[in-house]
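# Observations on the three-dimensional arrangement
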Amino acid sequence: VMAALGRDEEAVRWFDSFDEMSLYDLILQGRAQLDAARILDREGDEDGARVRYIKAARMLQGAAGLHGAWASEAALALQRLGT
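Presented here is an overview of the structure given in this document. Note that the structure is a prediction, hence the values are computed from the model and not measured.

A few words now on the overall build of the chain. Along its length, the chain carries 4 helices and 0 strands. Moving toward the C terminus, one meets the helices and strands of the chain in the order α-α-α-α. When the 83 residues of the chain are sorted by exposure, 39% land in the buried category. Considering only contacts in the chain between residues 6 or more positions apart, those separated by 24 or more positions represent 49%. Working note: accessible area of the chain is about 5200 Å², and carbon and sulfur atoms make up 55% of it.

In structure tokens form, the structure reads like this:
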């Protein structure tokens, strides 16, 4: 929602906070890192996006279904960024 409102910096900080949450929130970390990467990528911050795409790819590795599609998206973005 924050990103949709043009509050990208706040959205990235919020997505980064998922690693500080409870074990029940672990399932959300991969998607949160992917969303943060998308924002930073769109803004031209390749280094920041790369770090978060790597985290997302690692967290979503081996996943199936929608989570697998997110893992593929992160992997393709890393290839595009030369990683």
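Text resumes after the structure shown.
To continue, consider the nonpolar core. Considering soluble globular proteins, one finds that nonpolar side chains tend to be buried as a cluster. In this structure, Val12, Leu34, Ala49, Tyr53, Ala56, Leu60 and Ala74 are the most contacted members of the largest nonpolar core, which totals 17 residues. Among residues more than four places away in sequence, those in contact with Tyr53 are Leu34, Ala37, Arg38, Asp41, Ala74, Ala77, Leu78, Arg80 and Leu81.

Moving on: the packing of helix H3 (residues 46-60) against helix H4 (residues 65-80). Relative to each other, H3 and H4 sit at 145 degrees, their axes nearing to 9 Å. The two elements H3 and H4 meet at a crossing, and its hand is left-handed. Contacts between H3 and H4 pair Arg50, Tyr53, Ile54, Ala56, Ala57 and Leu60 from the former with His67, Trp70, Ala71, Ala74, Ala77, Leu78 and Arg80 from the latter. Its residues assigned to classes, the contact of H3 with H4 shows 10 nonpolar, 1 polar and 2 charged.

Let's shift gears to the pattern of salt bridges. Counted according to the given criterion, the structure contains 6 salt bridges. As a salt-bridge pair, Arg38 and Glu73 come within 2.7 Å of each other at their nearest N and O atoms. Taken as a pair, Arg38 in helix H2 (residues 26-42) and Glu73 in helix H4 lie far apart in primary sequence, 35 residues in all. On the basis of relative accessible area, Arg38 is assigned to the partly exposed category, the value being 26%. The partner of Arg80 in a salt bridge is Asp41, with the nearest N and O atoms 2.3 Å apart. With Arg80 in helix H4 and Asp41 in helix H2, this residue pair connects regions lying 39 residues apart in the sequence. For Arg80, a relative accessible area of 53% gives the class exposed. Put simply, Arg31, Asp35, Arg38 and Glu73 are held in one network by salt bridges that share partners.

The rules we used
Residues numbered from 1 in each chain as written. Predicted model: local features only at pLDDT ≥ 70, side-chain atom pairs only at ≥ 80, totals over all residues. Heavy atoms only, no water. Helix = DSSP H or I, 4+ residues; strand = E, 2+ residues; numbered from the N terminus. Buried < 20%, exposed > 50% of the residue type's maximum accessible area, 1.4 Å probe, protein only. Contact = heavy atoms within 4.5 Å. Areas by Shrake-Rupley, 256 points an atom, 1.4 Å probe, with all protein chains shown as cover. Core = buried A, V, L, I, M, F, W, Y, C linked by side-chain atoms within 4.5 Å. Axes fitted to C-alpha atoms, helices over the stretch in contact; angles between N-to-C directions. Left-handed = near helix turned anticlockwise from the far one by under 90°. Nonpolar A, V, L, I, M, F, W, Y, C, P; charged D, E, K, R; others polar. Salt bridge = Lys/Arg side-chain N within 4 Å of Asp/Glu carboxyl O.

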